[in-house]
Amino acid sequence: MRTRLAALGAAAALLLAACGNAGEENKNPIDNEVDKDAASKFEAGTPMADLAKAGKVKIGVKFDQPGLGFKRAGEDTPSGFDVEIGKILAAKLGISADNVQWVETISDNREPFLQKGTVDFVVASYSITDERREVVGQAGPYYVTGQQILVKKGSDIKSVDDVKGKQVCSVTGSTSLKQIEAKGAKGRGFETYSQCRDQVLDGAVEAMTTDGSILLGYAAENPDELEVVGEPFSEERYGVGYNKDEAELCDFIVDTLTEAEEDGTWAKAFKATLGKSGVKTPTPPEMDPCP
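Calculation rules
Residues numbered from 1 in each chain as written. Predicted model: local features only at pLDDT ≥ 70, side-chain atom pairs only at ≥ 80, totals over all residues. Heavy atoms only, no water. Helix = DSSP H or I, 4+ residues; strand = E, 2+ residues; numbered from the N terminus. Buried < 20%, exposed > 50% of the residue type's maximum accessible area, 1.4 Å probe, protein only. Contact = heavy atoms within 4.5 Å. Areas by Shrake-Rupley, 256 points an atom, 1.4 Å probe, with all protein chains shown as cover. pLDDT = per-residue confidence, 0-100. Phe/Tyr/Trp six-rings, centres within 6.5 Å; stacked < 30°, edge-to-face > 60°. Disulfide = S-S within 2.5 Å. Core = buried A, V, L, I, M, F, W, Y, C linked by side-chain atoms within 4.5 Å.

(A) Summary view of the overall build of the protein chain. Within the protein chain one finds nine helices and 12 strands. When the 291 residues of the protein chain are sorted by exposure, 56% land in the buried category. Intrachain contacts of the protein chain at a sequence separation of at least 6 include 73% that bridge at least 24 residues. With the model as given, the accessible surface of the protein chain reaches about 13,000 Å², and the carbon-plus-sulfur share is 45%.

(B) Broad picture of the confidence of the model for the protein chain. Residue-level pLDDT values for the protein chain average 89, and 89% of them are 70 or greater. Counted against residues more than four places away or in other chains, residues 13-27, with its pLDDT under 50, gives 38 contacts.

(C) Representation of the packing of aromatic side chains within the structure. Inspection of every chain in the model, using the stated rule, returns nine aromatic pairs. Where Phe42 meets Phe252, the ring centres are 5.8 Å apart and the plane angle is 80°; that geometry is what we call edge-to-face. You can see Phe42 sitting in the loop between helix 1 (2-18) and helix 2 (47-54) and its partner Phe252 sitting in helix 8 (residues 248-263), a full 210 residues away along the chain. The exposure class of Phe42 is buried, given its relative accessible area of 18%. A relative accessible area of 7% means that Phe252 is categorised as buried. Ring geometry for Phe81 versus Trp266: centroids 5.5 Å apart, planes at 90°, classification edge-to-face. Taken as a pair, Phe81 in helix 3 (residues 81-92) and Trp266 in helix 9 (residues 265-271) lie far apart in primary sequence, 185 residues in all. Judged on exposure class, the residue Phe81 and its partner Trp266 are both buried. Grouping aromatic residues by their ring pairs yields a cluster made of Phe81, Tyr142, Tyr143, Tyr238, Trp266 and Phe270.

(D) Unusual backbone geometry, seen in detail. Gly140 connects to Pro141 through a cis peptide bond whose omega is 10°. By secondary structure assignment, the location of Pro141 is in strand 6 (residues 137-145). The backbone of Ser125 sits at a positive phi, close to 40°, despite the residue not being glycine. Here Ser125 lies in the loop between strand 5 (121-122) and strand 6.

(E) Structural context of the state of the cysteines. Across all of its chains, the model carries two disulfides by this definition. Covalently, Cys169 is tied to Cys196 through a disulfide, its sulfur atoms 1.9 Å apart. Its S-S torsion of about 100° marks the bond between Cys169 and Cys196 as right-handed, since a negative value means left-handed. With Cys169 in strand 8 (residues 167-171) and Cys196 in helix 6 (residues 193-202), this residue pair connects regions lying 27 residues apart in the sequence. Judged on exposure class, the residue Cys169 and its partner Cys196 are both buried.

(F) View of the nonpolar core. The biggest cluster of nonpolar side chains holds 60 residues, and the ones touching the most others in it are Phe81, Phe121, Tyr142 and Ile253. No other element matches helix 8, which puts seven residues into this core. The contacts of Ile253, once residues within four sequence positions are left out, are Leu89, Phe121, Ala139, Val240 and Tyr242. Core analysis: the next-biggest nonpolar cluster, separate from the first, contains 11 residues, Val151, Val160, Ala185 and Ala207 among them.

Below is the structure:
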């Protein structure tokens, strides 16, 4: 674990140095080959067959995470690595990117959105946990990162060892909030990461915490005021969320993403998004078996 987290820290440093235009990384997203015969390849009555027949899919993504899921004012669609993963799944269902409905999804509504059918998939920096897998399906991981800390420059917080008794924010319902509280911090939850970031800029809270890949994007947007400190102190395994009642989706997701890893599509998606920062394309993580 120590070696893995050190590697994550090195990649994070490269990302901070190179992503001065956070949110711009995905101007040239990859074009996925849409399987035009998809509707005939899935067993009738399965959720895959239903989606393929409908020719459209609703995918929940973040709108405020540069490099992962980010949507600027005036843009029609979000961009980022999570978005590209969603496009890969849609293409395998015979659905083009133009027929994907991107639904803004915050950390606190990911499970309700899946349970109520508001979205068909959630691809929103959705860390896999045993607790979440009790109520929804999570297939993956398709990406691994680590939790870090964002502070105003000059802060006396230099690492996770310094957060005890300090007010540290993240988004409500996130694993990051629970983990920082376990380190002795006074956690404060907000609806979006950008709201949390604003609290740090205003001095209302002393630090923000979440995955390093997200924090670096915000630091790059405010290089004179914010910085990421300390080494990663967790391992976050991003998965694709689906309704647990539609168990067939797990094998579909795992098979589709495994194929994308093997044929180079996953690497192309990474290079077109997070890879624009100069970070070396990592080896894709091994997928968990479906229950």
